[in-house]
Amino acid sequence: MMARTALFLWALVANLAALAASKAATPRFKWGQNKELIFVSVMVRDLNKDSVSVTLPDGDLRFRAKNAKGEEQALDLPLREDVEESLKFEVSQRPDKWGTAVVITLGKQNKHRWDLLVQDPKKFKGLMDKDWSREDQTLEPEEEVPYLEDHSDYLVELTSKNLNKTLKKYSAIVANVRFPWCSQCKSQDNTFATAARAAQKKGKKDGRWKKVAFAVLDAREERRLAKKLDAKCDYTCEYRVFTEPGEDAVPLKSKWSDVELLESVKKYLGPAVQVIKSEDELKPLKEKNTTCFGSFVSEASPKYQLFKKVAGLMRGELVFAAKFGADRTLELWPHKQNFSFKFEGTFEDNGTTLYDWIKPRAIPLLQEYDWQLRETYEKLGLPLGKLWIDDSDKNPSFEKVVRHAVRRVAKRYIGKIAFVEQKKTTYSYELRDYGLNQPEAYPAFGMASNASYNSIKYGFEVTPDVAPSVQDFWKDADKAIERLSEFCEQVLVGSWPEAHESGAPQTNWTEGAVKQIVYKTFKTDIESPERPLLLEVYGKYRAEHERKAKETENLAKALEPHSKLFTVASYDTSDNFLPQGEFKREKYSSDTEWYWVPAKDSGAAARDPIKKLTKPKKDAPIKNVIDFAVKSTGSSDINAEEVMKKFEELMKENPPPAPAPMPPMDMPDMGDMGDMGGMGGMGGMGGMP
């Protein structure tokens, strides 16, 4: 019996010893930083360099290695803040008193000074040191405002531990997910606190506001939850709204005023879906709102859960209503329209199909646009058809015909194109980018590839071959619908040319005059000219513009006897878009440049490349321009000296306007200075020491 006991104890001791031997050792480490990077050096005695492994599981630092004896070395650091996914490490050649150092370099996701390396430094007491050789000591500690403490009367603290408990208490939580050191959103932080205080006051009169909490989540202390919520320190300053346990939070744009923020929060006062008992309750909803209605077997139905999820994402954009008892086809009724759309897509995904189907149908077929709708249409991500109406010359009956035509086109392209109406008095400046401002003619129509300011533009110009006038075009609604539909179709397939700003095409050019080319004629006049061009490219805001314009005018006249060989032309980049294929020039450049543009041979796919006058590259004297033209023609029939002589004569006969005289200078009346004669008495100043 004693022998068996002794054997058991010996085995137990051996197992404990083996367990102790197998337990990895924690190496010492030190750290430093600059604004962009974190440096962590991990020291291991007799390091086996081939055994080193450094990873970032879930954004925390994990180091593994072995020493020469094969003993495990392990270090797991729960980092204080987020780092970029990529990292690099190297074995230092410089010895350290604690062993061979592995230097790990991490990129900071937020470029600022960290106050700590790890969440809880106490766990690494005696193992962690500061690496002053890699520390940028010029980094100043950042001011951290006690934001929650300063507003604790109306803000609640939100953490990963109390999130579900807090959600059970409130119907909605509007969370300001903020880094305590971030100064990008100071004004929005103040707005958020002011709105929270106002909401608390509202709750005394309206019980719905009592069920809305304004909360603060410390993105540094709650790093994992903040990362899941895509917390950032940047100018966007978005909040997050939680409505039910287990559901994803939805972003809410910050506002500049507490009134605007409360208006945005108002849509969370009620449920995302209005549950009705009979379809009679649906009628008043449809009369006031765009309404999406679904009938489902029960509240537990997977289809209803998906419907509810989409409703939560689209709060405030339309009304969602549901009835339980049986499955029926989901329908959406646009506001003030006598028809509905029926959803024939799938409920088998995560809700994307339903969301993408509802989104373009939730907005009116044709809506008057203002800047507050920009975000709505940008999120939609569709091409944007634009109708410009002259609101300074109202014609209600005619405008009704125009809107009817555009709505019929819009109905054909639901889910492909969104349509808006814009007032001339507010948005006429946009016509320039659509090539529709020379001249402005209303109603005008164009399309942008999306709702952003840098979208690709397409203009629908009513030319004489389309209709005698813009008014005639729109009066024939059926014809307008077909032509606009053709335009939309060609834009979608990419066969309609992009629009750019352009001057009005010249209609009275004759030989001996300067051919004024504009962007609308660029393709025919510059890409496929019948004769070579001596082309002046300039901006009208150049110095001495009137003199230089007169020089070009007289040059064209001097070269008139040779007009069968080439044409003198000009292109003003101030008023016309200049394609940057062959012409490398900034839009508002004040330089004058000269080019030789060869003619396009019949049957050729493209003309030969252009040549540029390079001596000098810009603002060349007319003599150089003439020499350049003569050389480019390759003709012996042109005498440069004779052309120059003729040009000089024309400059005398047809000179540029004289410079405006300088305004007279009003000099002060100096007559009173005669009194300075009294200064003779200053002779007494001789007595001054």
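Procedures and definitions
Residues numbered from 1 in each chain as written. Predicted model: local features only at pLDDT ≥ 70, side-chain atom pairs only at ≥ 80, totals over all residues. Heavy atoms only, no water. Helix = DSSP H or I, 4+ residues; strand = E, 2+ residues; numbered from the N terminus. pLDDT = per-residue confidence, 0-100. Contact = heavy atoms within 4.5 Å. Disulfide = S-S within 2.5 Å. Buried < 20%, exposed > 50% of the residue type's maximum accessible area, 1.4 Å probe, protein only. Salt bridge = Lys/Arg side-chain N within 4 Å of Asp/Glu carboxyl O. Expected span 1.5 Å × (residues − 1). Polar contact = N/O pair within 3.5 Å; in protein donor to acceptor, adjacent residues only side chain to side chain. Axes fitted to C-alpha atoms, helices over the stretch in contact; angles between N-to-C directions. Parallel < 35°, antiparallel > 145°, perpendicular 65-115°, else oblique. Left-handed = near helix turned anticlockwise from the far one by under 90°. Pairing = 2+ DSSP bridges. 1 Å grid on protein atoms, 1.4 Å probe; cavity = no way out; pocket = protein on both sides within 12 Å on 5 of 7 lines; lining within 4 Å. Points joined across faces, edges and corners; volume = space filled by probe spheres on them. Nonpolar A, V, L, I, M, F, W, Y, C, P; charged D, E, K, R; others polar.

Observations regarding unusual backbone geometry
And then number 1: Look at the link from glutamine 438 to proline 439: it is a cis peptide, with omega at 0°.
And then number 2: Of note, proline 439 is situated in the loop between helix 13 (424-427) and strand 22 (444-448).
And then number 3: Put simply, tyrosine 442 and proline 443 share a cis peptide bond, and its omega is -5°.
And then number 4: Note on placement: proline 443 falls in the loop between helix 13 and strand 22.
And then number 5: Even without a glycine there, the phi angle at aspartate 46 is positive, about 55°.
And then number 6: Assignment of secondary structure puts aspartate 46 in the loop between strand 2 (37-44) and strand 3 (53-55).
And then number 7: Of note, aspartate 230 is a non-glycine position whose phi angle comes to about 60°, a positive value.

Topic: the confidence of the model for the protein
And then number 1: Predicted confidence across the protein gives a mean pLDDT of 90, with 93% of residues reaching 70 or more.
And then number 2: For the stretch residues 672-689, pLDDT sits under 50, and the model shows 0 contacts to residues farther than four places along the chain or on other chains.

Notes on the state of the cysteines
And then number 1: Evaluation of the coordinates by the stated rule reveals 2 disulfides.
And then number 2: Each sulfur of the disulfide joining cysteine 185 and cysteine 237 lies 2.0 Å from the other. Across the disulfide from cysteine 185 to cysteine 237, rotation about the S-S bond amounts to roughly -90°, and the bridge is consequently left-handed. You can see cysteine 185 sitting in the loop between strand 10 (172-178) and helix 4 (186-202) and its partner cysteine 237 sitting in the loop between helix 6 (223-228) and strand 12 (239-242), a full 52 residues away along the chain.
And then number 3: For cysteine 185, a relative accessible area of 11% gives the class buried.

Remarks on the pattern of salt bridges
When their charged atoms lie close together, side chains carrying opposite charge are able to pair.
And then number 1: Tallied over the full model, the rule gives 54 salt bridges.
And then number 2: Ionic pairing is found between aspartate 82 and arginine 223, a salt bridge with its closest N-O pair at 2.8 Å. You can see aspartate 82 sitting in the loop between strand 5 (72-77) and strand 6 (83-91) and its partner arginine 223 sitting in helix 6, a full 141 residues away along the chain.
And then number 3: Here aspartate 189 makes a salt bridge to arginine 178, at a shortest N to O gap of 3.2 Å. Of this pair, aspartate 189 sits in helix 4 while arginine 178 sits in strand 10, and the two are 11 residues apart along the sequence. You'll find aspartate 189 and arginine 178 in the same group, each marked buried.
And then number 4: Ionic contacts of the salt-bridge type, sharing partners, join the residues Arg80, Asp115, Glu144, Arg220 and Glu221 into one network.

A few points about helix 15 (residues 477-493)
And then number 1: Look at helix 15: 24 Å from first C-alpha to last across 17 residues, which is about the 24 Å you get at 1.5 Å a residue.
And then number 2: One or two residues past the end of helix 15 sits glycine 494, with phi positive at roughly 85°.

Focus: the side chain of aspartate 82
And then number 1: For aspartate 82, a relative accessible area of 10% gives the class buried.
And then number 2: At a separation of 2.8 Å, a polar atom in the side chain of aspartate 82 contacts the side chain of arginine 223.
And then number 3: Among residues more than four places away in sequence, those in contact with aspartate 82 are Lys108, Gln109, Trp114, Arg223 and Lys227.

Details of helix 4
And then number 1: Look at helix 4: 24 Å from first C-alpha to last across 17 residues, which is about the 24 Å you get at 1.5 Å a residue.
And then number 2: For helix 4, the secondary structure elements touched by its buried residues are helix 2 (147-150), strand 10, helix 5 (207-210), strand 11 (212-218), strand 12 and helix 7 (258-265).

A look at the packing of helix 18 (residues 622-633) against helix 19 (residues 640-653)
And then number 1: Taken N-terminus to C-terminus, the directions of helix 18 and helix 19 make an angle of 140°; their axes are 10 Å apart at the nearest point. With respect to each other, helix 18 and helix 19 are oriented oblique. Seen from above, helix 18 lies across helix 19 with right-handed handedness. Residues Ile622, Lys623, Ile626, Asp627 and Val630 of helix 18 pack against Ala640, Val643, Met644 and Phe647 of helix 19.

Description of the sheet that holds strand 10
And then number 1: Taken in spatial order, the 5 strands of this open sheet run 9-11-10-12-13, and their pairing is mixed. The open sheet has two edge strands with one neighbour each: strand 9 (156-157) and strand 13 (250-252).
And then number 2: Pairing of strand 10 with strand 11, which is carried by 7 bridges, proceeds in the parallel orientation. Residue pairing across strands places alanine 175 opposite alanine 215, the latter belonging to strand 11.

Concerning the layout of surface pockets
And then number 1: For the largest pocket, the calculated volume is near 1700 Å³.
And then number 2: Around the largest pocket sit 36 residues that line it, and Lys253, Lys255, Gln372, Glu375 and Lys379 are the ones nearest its centre.
And then number 3: Secondary structure elements with two or more residues in the lining of the largest pocket: strand 13, helix 7, helix 9 (302-313), helix 10 (352-361) and helix 11 (374-380).
And then number 4: The element that contributes the greatest number of residues to the lining of the largest pocket is helix 11, accounting for 5 residues.
And then number 5: For the lining of the largest pocket, the per-class residue count stands at 13 nonpolar, 9 polar and 14 charged.
And then number 6: Here the second largest pocket defines a volume of roughly 690 Å³.
And then number 7: Counting residues per element, the ones that place at least two in the lining of the second largest pocket are strand 23 (457-460), helix 15 and helix 16 (522-527).

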